[in-house]
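# Architecture at a glance
Okay, here's what each chain looks like letter by letter:
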Amino acid sequence: MAETILELKDMRVRFSTLDGAVDAVKGVGLHVKAGETVAIVGESGSGKSQLMMATMGLLASNGQAAGVASYRGTNLVGLPKAELNTIRGRKITMIFQEPMTSLDPLYTIGDQLMEPIMHHQKLGAGAARSRAIEMLKLVHIPEAGRRMGSYPYEMSGGQRQRVMIAMALANDPDLLIADEPTTALDVTIQAEILELMAGLQQRLGMGMVFITHDLNIVKRIAHRVYVMRYGEVVEEGETAALFAHPRHPYTRALLEAEPTGRKAPPPATAPRILDGTGVTVSFKIGGGFLSGPPIVLKAVDRVSVSLRQGQTIGVVGESGSGKSTLARALLRLLPSEGAIRFDGRDIARLDKEAMRPLRKELQIVLQDPFGSLSPRMTAGQIVTEGLLVHEPSISRRDRDLRAARAFEEVQLDPLLRNRYPHEFSGGQRQRIAIARAIILKPKVVVLDEPTSALDRQVQKQIIELLRDLQSANNLSYLFISHDLAVVRAMADHIMVMKNGVVVEQGSPDDVMDHPQDPYTQRLMKAAFVNTANG
Amino acid sequence: MTDVAQHPAQQGRSLWADAWGRLRANRAAMISIYYLIFMAVICIAGPWFTPHAFNTIYQDYNRVPPSLSAYPKPEMIDQAVKDAVKRARVELDGWKEEGGKILITVSSAKPIDERMTRYIDRSSVFENAAVVDKPADGLRMTLGADIERQHFFFGTDTSGRDLLTRTLIAGRVSLSIGLLAGLVAVVIGVLYGATAGFIGGKTDEVMMRIVDVLYSLPFIFFVIMLVVFFGRNFVLMFLAVGAVLWLDMARIVRGQALSIRRQEYVQAAEALGVTRTGILLRHIVPNLLGPVVIYMTLLVPQVIILESFLSYLGLGVQEPMSSWGVLISQGAKNIPSANWLLFFPSFFLTSTLFALNFVGDGLRDALDPKDR
Amino acid sequence: MLRYILKRFLTAVPTLFVIVTISFFLMRVAPGGPFNQEKGLNPVIKANLERVYHLDQPLWKQYLLYLWNLLHGDFGPSYNLPDFTVAELFAQGLPVSMQLGGSALVLALLIGGCLGIIAALYQNHTADYAVIATATAGSTIPTFVIAPLFQLFFALTLKWFPVGGWGDGAFINKVGPVLTLMLPQLAVVARLMRGSMIESLRSHHIRTARALGLSDYAIIIRHALRGALLPIISYGGPAAAALVTGSIIVETIFSIPGVGRYFVEAALNRDYTLVMGTVVVIAIFTILFNLIVDVLYAVVDPRVRYD
């Protein structure tokens, strides 16, 4: 049996805030053996990140750690900084979720790679440089020697995360702690980074702690799993055993939070409600008096969509593929070329005033439940704002009544309608945003990543709500998401977008199980290679 | 369903209520608010209760130091008697003080005119002078007069005016200019910045270019030109000051308006078909209010300093009216002989500025969403 | 970069032109003139004076004449100090003002910067509160209060320094003016530095550096400070331009023969050429320092490119 390299006993983390003390971690014990990959799973706020931050001595200044975090017999909690720094970065390293900001923007990646090498191994610049290039090659950065002189802003998110990994591994650590290292990346990049990390872990034989909310990742790479909730470990075990026989109800709920079900396509006789033909959206970049002609960028390039009543079209693609832009263009929130027909009427050339009455029928729910609600209005005011425009005659009392009913429709307590957005949770806020859209009895609703900012369990509830609302009101959805599992559960037709064009479309089963286009094939492989039910 | 609506819904806590709660918890800010209220009250009401008018000149009390006990001091009575008798061109034989009254004995080679009591009355130390005793030859005379007791808690200035009253009156001027000019700057800045930020595009570009040009003009030059145009007039003064300080406000408001316009809740409102006016009134204005309030509390001290600065240069408020800047400039000219002339107005000005500063910081902490 | 600097100099010309034009006409539409102040000036003499200085010609002609002279580096004679040309006045006063302002700026940046860093590192501790208190005092107490108080305590009471005067640039004469000029700037720099340093220390790449076990020195100086410098640099430009062109308050109170006094005096006396000269000098300094700011920005932050 391999020796234990890190052992946490009764770890506690407390934050002192303006509203009093908050216990983020309440007595957690775990251990990691050499060469082992341990996953810590939990939803946001479960304390999984803070636990490892405390271990590394990286808590924010208002945080206080207690307990024992023993690395090969040395307790890291309360260790003087000078001693801690002989272990931190040398024996235990950590990489983080935010690839875009985790590197210092002001230094070349070469400088940043060489710095910890020179610091810990006391190497000269020449030796450190060759070690740094070696590391860049190890993480598959092409033209490693030349890239040493690049600045972080010149690299993509995936590449930066590779550089981060190279920095973390440059001193041959015993243990790598990875805090959601792939969450902020696109699906295809995610898969590559995971593959890289799993490969490196096996080759270098180090231990790894992998913090994540994504059970698919856990299943793929972890030997053992700890499930955390409210600052405590609720269940632990070998990955296979835990997935097969979860004992704690929370673990079971987590496993079942994977969206399930399929949507049947609407009858072939269902009328076409929203039609876009050759929709093109272009942005001008630069240009002006002195700088010459502007560069025209086509965010959406001649895309055609046909949405029928009761249908859900899922639009999938990675960031920058033009899927949100397409949806906004179809709703005439962005200027576009091409024909758009709604309910048999050409709306592509209507001006703002002429569009206004139609807005009632064409609604949108946005991704960010924090940003999409005006912070100084009550939930009730937010939900009924559309009524002020489209049914200006109804009284304040009736509006309040309608708000209460809309709250019930989205399964929120109507008594909460005079509260302000900041007093609701993320899932509740998204329900308010949905209530705001459906109170107008629209025919078409664009759902722009409505579940992406939510935890899995909440996500599942929102998806069920959206499905119920659809069948009750015969709604048509244009569902935009990068999350293929969610799209599969929601949509009866799928369009795959890349660089502003549709590369493939068809029924979910066809597109997902038998992709034809090479990009779609890569996307599907990345998303589903590791999932049994996907 | 309807019965639910009939229940009174729970009341939420708005961000404003939250901010107010946070502000109330901030000791420094609350003390500063009370101090500012106190300052405003004493400056507005104080001059009615001080025993002197701000423009009354006491000839015999030039630059007397601040004192809690009443004037005249004994040696001053002596001086005042000597001065008055000298002006009447008679000889002083002696004087004595009993129970708030003074008896002066004078003599002369020629018979003394009884009207010489006027010379005594003319001194700001005495009043109700009358002849008490006059021998028949008229070469000697004893006069009686009340000693006028005066309090100068802050001392007097170079012309013999009560500094306490003048400081309070100056406070009225400084505070009201600060508030009014601050308001002028905020109104111009908010309208200008919000228009530029909300309309955007070419209009925004042109409007901001104008602001840039005004920025690059030397600030003092601009102020002086405005003062020259408007004349050295108290009322127009704050217009000039306000007209100069709106630039920052305009930039801040424009930036905020631009960023609010990009918020998802504004996009959502556009998708609902809400009119421009609706978006402006329900979404942009309420969310702009926070930064505007914060900036306004930081602007008021700036205005007060600017006004004091102009007054210091002699471009602002004119005599006999006064502002803290005017008083400080006079005080600076009179050190070291009469340092209270510098000390009191400086203290009033500086403490007010401090308090405004703390209120501004407190408001920023209370309203800043980063804190949440 | 060199091309950029050249381009910036070229775009500065129209800016300067706009400023000169606006100031020229603004000055001229203001009531009064350079020779109206002294009452009883013989009308014949006045007319002669105005002819000598071309003030009797149409405004547009005067404007063109001024521009023409300016292009040849001729700022014209001063009306109220008739023995001097504007250029001579600046040649005498500007070095004085620049010395004082420059020293004040350098000191403010160094001391204020250090104080700000200390405050950020000891956030919410005694040192932090002390720095905040100093900064608040420095930015709240106006110069025209600090300067006489300095004279009162250090010159008149303690007799450490002279009350005023330039003393041919003796060190002891510069202490008061430099300190009073420095204090408000120091306050702003300390506050700015504290804020940007706190933000910088909170950023993700600092967390990375800590996770890699780098030394405090490397984290604070190499990584946090460099990023925190940007706001200081952009504040420093305009502040430097204002400082080196003199302060009327400090120069009057300490009787310093700098150029700060000219502006207000000249504007009030309608000494047109002197006012215009001051405007041009301030504008040139502003443009120059803004350029320096941009160059420094590019040096500190590689993401900034000016091609």
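Use the structure listed above.
What this report covers is the structure whose coordinates are included nearby. The model shown is predicted, which means the values in this text are computed figures rather than measured ones.

## Thoughts on the environment of D248 of chain B
Residue and element names in this part refer to chain B. Within the fold, D248 resides in helix α9 (residues 234-261). Given a relative accessible area of 30%, D248 falls into the partly exposed group. Counting along the chain gives 30 residues from D248 to P218, while the straight-line C-alpha distance between them is 15 Å. Ignoring sequence-local partners within four residues, the contact set of D248 consists of Y215 and Y295. In terms of polar contacts, D248 uses its side chain to reach the side chain of Y295, at 3.4 Å.

## Thoughts on the side chain of D18 of chain B
Structurally, D18 of chain B can be placed in helix α2 (residues 15-25). Judged by relative accessible area, which is 15%, D18 of chain B ranks as buried. With sequence-adjacent residues up to four places away left out, D18 of chain B is seen in contact with H422 of chain A together with R13 of chain B.

## Some thoughts on helix α6 (residues 157-169) of chain A
With 13 residues, α6 of chain A extends 18 Å from end C-alpha to end C-alpha; this agrees with the ideal 18 Å at 1.5 Å per step. Buried residues dominate α6 of chain A, accounting for 13 of its 13 residues.

## Considering the pairing of strand β4 (residues 63-71) of chain A
Residue and element names in this part refer to chain A. Bridge analysis of strand β1 (residues 4-17) against β4 gives 8 bridges, and the strand direction is antiparallel. Across the sheet, V13 pairs through a bridge with A65, a residue of β4. Taken together, the 2 bridges between β4 and strand β5 (residues 74-75) define a ladder with antiparallel strand orientation. Counterpart to Y71 in the pairing with β5 is T74. Hairpin geometry of β4 and β5 is characterised by an intervening segment of 2 residues between the two adjacent antiparallel strands and by a positive phi of about 45 degrees at R72.

## Here we look at the interface of chain A and chain B
A common way to report how large an interface is uses the accessible area buried once the components associate. Taken residue by residue, the interface counts 39 residues in chain A and 32 residues in chain B. Between chain A and chain B, the buried area comes to about 3,300 Å², and carbon and sulfur atoms account for 57% of it. Of all residues in chain A, R376, E385 and L415 of chain A give up the largest surface area on contact with chain B, accounting jointly for 21% of the area buried on that side. Counting every contact that joins chain A to chain B gives 1 salt bridge. Two residues, R282 of chain B and E385 of chain A, come together in a salt bridge whose shortest N-O distance is 2.9 Å. Taken together, the connections running from chain A to chain B amount to 10 residue pairs in polar contact (both at pLDDT 80 or more). Of all the secondary-structure elements, those providing two or more residues to the side of chain A that touches chain B are β16 (362-365), α13 (379-390) and α14 (396-409) of chain A. The residue inventory of the side of chain A that touches chain B, partitioned by class, reads 17 nonpolar, 9 polar and 13 charged.

## As for a nonpolar patch on the surface
Residue and element names in this part refer to chain B. There is a patch of nonpolar side chains on the surface, built from W16, L281, V285, L289 and V293 and spanning about 410 Å² of accessible area. The biggest single contributor to the nonpolar patch is helix α11 (residues 276-312), with 4 residues. With respect to the element layout, V285 can be found in helix α11.

## Some details on the sheet that holds strand β20 (residues 501-506) of chain A
Residues and elements named next belong to chain A. In spatial order, the strands read β16-β17-β18-β13-β19-β20; together these 6 strands make up an open sheet with mixed pairing. A single partner strand is all that each edge strand has here, and the edge strands are β16 and β20. Here the average twist between neighbouring strands, direction ignored, is 20 degrees. Where helix α11 (residues 323-330) meets the sheet, its contacts fall on β13 (312-316), β17 (444-448), β18 (476-481) and β19 (493-498), and the angle it forms with β18 comes to roughly 155 degrees.

Quick notes on the rules
Residues numbered from 1 in each chain as written. Chains lettered and ligands numbered in written order. Predicted model: local features only at pLDDT ≥ 70, side-chain atom pairs only at ≥ 80, totals over all residues. Heavy atoms only, no water. Helix = DSSP H or I, 4+ residues; strand = E, 2+ residues; numbered from the N terminus. Buried < 20%, exposed > 50% of the residue type's maximum accessible area, 1.4 Å probe, protein only. Contact = heavy atoms within 4.5 Å. Polar contact = N/O pair within 3.5 Å; in protein donor to acceptor, adjacent residues only side chain to side chain. Expected span 1.5 Å × (residues − 1). Pairing = 2+ DSSP bridges. Buried area = accessible area lost by both parts, 1.4 Å probe. Salt bridge = Lys/Arg side-chain N within 4 Å of Asp/Glu carboxyl O. Nonpolar A, V, L, I, M, F, W, Y, C, P; charged D, E, K, R; others polar. Patch = residues over 30% accessible without salt bridge, like charges linked within 9 Å, V, L, I, M, F, W, Y side chains within 5 Å. Areas by Shrake-Rupley, 256 points an atom, 1.4 Å probe, with all protein chains shown as cover. Axes fitted to C-alpha atoms, helices over the stretch in contact; angles between N-to-C directions.

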